[in-house]
Amino acid sequence: MTNEWTWDLPPGQAALACPPLHFERFKEPEARAEKVLGYDDKGEVCFYRHAYSLTENFLDEEGLPCESEVFYETVTAWRLADRRWLTCLRQGGEQGVCNDRHRPPSYAMADQRPR
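Sequence order as written defines the numbering, with residues in each chain counted from 1. Note on the predicted model: pLDDT of at least 70 is required for a residue's local features to be given, and 80 or more for side-chain atom pairs to be given and counted; whole-chain, interface and lining totals, by contrast, use all residues. The basis for every side-chain value is the complete set of heavy atoms in the structure, and neither hydrogens nor water enter the calculation.

Another aspect to go through is the packing of aromatic side chains. Think of it this way: a Phe, Tyr or Trp ring, Trp meaning its six-membered ring, pairs with another when their centres are within 6.5 Å, and the plane angle makes it stacked under 30 degrees, edge-to-face over 60, tilted otherwise. A complete count under the given rule lists 2 aromatic pairs for this structure. Between Tyr52 and Phe71, the aromatic rings sit 6.1 Å apart at their centres with planes inclined by 45 degrees, giving tilted as the arrangement. One end of the pair, Tyr52, is in strand S3 (residues 45-59); the other, Phe71, is in strand S4 (residues 65-79), and 19 residues separate them in sequence. Buried residues are those whose accessible area, probed at 1.4 Å on protein chains only, stays under 20% of the maximum for their type, while exposed residues exceed 50% and partly exposed ones sit between those limits. Residue classification places Tyr52 among the partly exposed residues on the basis of a relative accessible area of 29%. By definition, any uninterrupted DSSP run of H or I lasting at least four residues is a helix, any uninterrupted run of E lasting at least two residues is a strand, and each is numbered from the N terminus.

Okay, here's the thing in structure tokens:
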């Protein structure tokens, strides 16, 4: 996972985020879901990410079965030096929205990490 944990981390917060030393990854391919936990040198969770998407099946113009993503969510969180969590939320998939994945994420501070 190298520097994947820093994706979406705002540059101004990077120095305050506790860097994970190892990761635990849980995948459910059939459900299109994943959860990643990163642990610091004391074995405490300092990084969190979950992602999932919902799809629907349809027939294309030639009558062949296809699948389309109709919703996705990615939540990433970093534990900061003051023990608060910076959380980044990416969601999308509303019908008719082009380039939905290029929307800017929303950020929030929390006392607890997402679950």
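This next bit is on the layout of surface pockets. If you add up the space inside the largest pocket, you get close to 170 Å³. Contributing to the lining of the largest pocket are 11 residues, with Trp7, Asp8, Arg49, Thr74 and Arg90 lying nearest its centre. Sorting the residues of the lining of the largest pocket by element identifies S3 and S4 as the ones contributing at least two each. Among the elements that make up the lining of the largest pocket, the one with the highest residue count is S4 (3 residues). Looking at the lining of the largest pocket, its residues break down into 3 nonpolar, 2 polar and 6 charged. Put plainly, a pocket is an open set of points on a 1 Å grid over the protein atoms alone with protein on both sides within 12 Å along at least five of seven lines, a cavity is a set where a 1.4 Å probe fits but cannot get out, and a lining residue has an atom within 4 Å of a point. Grid points are joined across faces, edges and corners, and a volume is the space filled by probe spheres set on the points. Under the scheme applied, nonpolar residues are Ala, Val, Leu, Ile, Met, Phe, Trp, Tyr, Cys and Pro; charged residues are Asp, Glu, Lys and Arg; polar residues are all the others, including Gly.

Turning next to the sheet that holds S4. The strand order across the open sheet built from 6 strands is S1-S2-S3-S4-S5-S6, with neighbouring strands paired in antiparallel fashion. Of all strands in the sheet, those bounded by a partner on one side alone are strand S1 (22-28) and strand S6 (106-110). On average, each strand axis in the sheet is tilted by 15 degrees relative to the strand beside it, whichever way the strands run. Looking at chain direction, S4 and strand S5 (residues 85-92) are connected through 8 bridges and run antiparallel. Within S5, the residue paired with Thr76 across the bridge is Cys88. Following DSSP output, two strands are said to pair if at least two bridges run between them. Comment: axis = line fitted to C-alpha atoms, over the contacting stretch for helices; angle = value between 0 and 180 degrees taken between N-to-C directions.

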